[in-house]
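# Examining the three-dimensional arrangement
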Amino acid sequence: GAPEVAHVLCFFLFNVWLVPFGFFISLSVNEARLPNTQAGLADEVYSEGGGVKQKSGLLSAFSFVREKRDDMMPSMAKKV
């Protein structure tokens, strides 16, 4: 049969509004940074010794969840 109104509204909300808005936000985050800040970060990454490189937000969130999982369930931790 015909799609329900709720299905059509959810499709439009997700595909027409949320996904493009997410792309816009992800593109505009780097545009809002000052060039000096980006140059400083590049110098830290490419310098000799480099120091500790900061993880991206998503990667750090996954590592945080993995650490908590290993703390709560030691049997799930990798045994090296």
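Cut-offs applied
- Residues numbered from 1 in each chain as written.
- Predicted model: local features only at pLDDT ≥ 70, side-chain atom pairs only at ≥ 80, totals over all residues.
- Heavy atoms only, no water.
- Helix = DSSP H or I, 4+ residues; strand = E, 2+ residues; numbered from the N terminus.
- Buried < 20%, exposed > 50% of the residue type's maximum accessible area, 1.4 Å probe, protein only.
- Areas by Shrake-Rupley, 256 points an atom, 1.4 Å probe, with all protein chains shown as cover.
- Salt bridge = Lys/Arg side-chain N within 4 Å of Asp/Glu carboxyl O.
- Phe/Tyr/Trp six-rings, centres within 6.5 Å; stacked < 30°, edge-to-face > 60°.
- Patch = residues over 30% accessible without salt bridge, like charges linked within 9 Å, V, L, I, M, F, W, Y side chains within 5 Å.
- pLDDT = per-residue confidence, 0-100.

With that settled, the discussion passes to the overall build of the chain. Regarding its fold elements, the chain presents three helices and zero strands. Listed by position from the N terminus, the elements making up the chain come as α-α-α. Counting only residues that meet the buried cut, the chain has 1% of its 80 residues in that class. Within the structure as shown, the chain displays about 7,700 Å² of accessible surface, and the carbon and sulfur contribution to it stands at 67%.

This structure, assessed with the given rule, holds one salt bridge. The salt bridge partner of Asp70 is Arg69, with a shortest N-O separation of 3.1 Å. The exposure class of Asp70 is partly exposed, given its relative accessible area of 24%. In this structure Arg69 comes out as partly exposed when scored by relative accessible area, which is 31%.

Taken as a whole, this structure holds one aromatic pair when the rule is applied. Between Phe11 and Phe12, the aromatic rings sit 5.7 Å apart at their centres with planes inclined by 90 degrees, giving edge-to-face as the arrangement. Phe12 sits in the partly exposed class, given a relative accessible area of 44%.

Here we take up a nonpolar patch on the surface. Taken together, Val8, Phe11, Phe12, Leu13, Phe14, Val16, Trp17 and Leu18 make up a surface patch of nonpolar side chains, about 830 Å² in accessible area. Secondary-structure assignment places Phe14 in helix α1 (residues 5-31). Given the relative accessible area of 49%, Phe14 is considered partly exposed.

Segments scoring low in pLDDT should not have their predicted coordinates read at a detailed level. Per-residue confidence for the chain averages 74 on the pLDDT scale, and 61% of its residues sit at or above 70. In the model of the chain, helix α2 (residues 35-46) stands out as the element of lowest mean pLDDT, 61, in contrast to α1, which has the highest, 85.

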